[in-house]
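# Examination of the molecular architecture
Letter by letter, the chains look like this.
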Amino acid sequence: ADAAARITLERFLFLRAHLPPERLEELLESIQRRPNSRLVREVAWSPTSAAGSPDRMRNPAVMARDWQRPVPGGMPRPGQVLDVRKEDSVDTPANRFLKFALTEFRDLCREVVERHPDALTLAHEARELAACLDAVLARPFFRQPGPLTRLPLDNPTLQRRDGYREILRAWLLAQAAAALAWDQDEDAYHGPTRNVATLYEYWVFL
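Residues numbered from 1 in each chain as written. Predicted model: local features only at pLDDT ≥ 70, side-chain atom pairs only at ≥ 80, totals over all residues. Heavy atoms only, no water.

Another point: the overall build of the protein chain. Secondary structure summary: the protein chain contains 8 helices and 3 strands in total. Counting helices and strands in the order they occur from the N terminus, the protein chain gives α-α-β-α-β-β-α-α-α-α-α. Within the span of the protein chain, comprising 206 residues, buried residues form 44% of the whole. Taking the intrachain contacts of the protein chain between residues at least 6 apart in sequence as the baseline, contacts between residues at least 24 apart amount to 76%. On the protein chain, roughly 12,100 Å² of surface is accessible, and the fraction owed to carbon and sulfur atoms is 52%. (Helix = DSSP H or I, 4+ residues; strand = E, 2+ residues; numbered from the N terminus. Buried < 20%, exposed > 50% of the residue type's maximum accessible area, 1.4 Å probe, protein only. Contact = heavy atoms within 4.5 Å. Areas by Shrake-Rupley, 256 points an atom, 1.4 Å probe, with all protein chains shown as cover.)

Put into structure tokens, the structure is as follows:
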């Protein structure tokens, strides 16, 4: 239990150093100004009068049905047509990872509060960051991305685009912190007197 609590603390300290609440807000604003998206094509049968897409004219034999003649001897008209709608969606691998990483960060903050209730400064920092992450994840932007099915670490957007790149880096640092050997130097990371200079050296090394 002590080892698990220590790993949780180490991961949080790296996360908190790399992604304080004010920095997180800046990154999310940058992402939402230029989000990664993809064009989604939806096709559904609609009444001819309500259809907005002209695509049915390309192949009316396939994209139209329920043909009727409004007047005897007149031209037949379809009652329904396949309406093709295209819109941008932010349900992309990069945004799925973003939602996954931020959710993991939020859960890590809550775990710090549970495992280290007596470390008042750390608990306060963890609650502050958790509240910020809750507010971020409640934004409409995160309603579209689905669950992450694979880690897209080779994704160009995650590797290069502003905002995404920093979130990926923070996640990788938090993962690496769990495997880092601290040489029993507890004063470097534990309690209110932790050695910031030593923590920074660890961070730069990673």
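As a further point, take helix H5 (residues 120-137). Helix length check: H5 (18 residues) gives 26 Å between terminal C-alpha atoms against 26 Å at 1.5 Å per residue, within 8%. Among the residues of H5, those classed as buried are Leu-122, Ala-123, Glu-125, Ala-126, Leu-129, Ala-130, Cys-132, Leu-133, Val-136 and Leu-137. The inward-facing, buried residues of H5 abut helix H1 (2-18), helix H2 (21-33) and helix H4 (93-115). (Expected span 1.5 Å × (residues − 1).)

Bringing the pattern of salt bridges into the picture now. Taken as a whole, this structure holds 13 salt bridges when the rule is applied. One salt bridge connects Asp-91 with Arg-96, and the closest N-O pair in it is separated by 2.7 Å. A relative accessible area of 16% means that Asp-91 is categorised as buried. The class for Arg-96 is partly exposed, based on a relative accessible area of 23%. The salt bridge partner of Asp-162 is Arg-165, with a shortest N-O separation of 2.8 Å. Overall, the relative accessible area of 45% leaves Asp-162 in the partly exposed class. Among the ionic contacts, a cluster of salt bridges with common partners joins Arg-106, Asp-107, Arg-110 and Asp-134. (Salt bridge = Lys/Arg side-chain N within 4 Å of Asp/Glu carboxyl O.)

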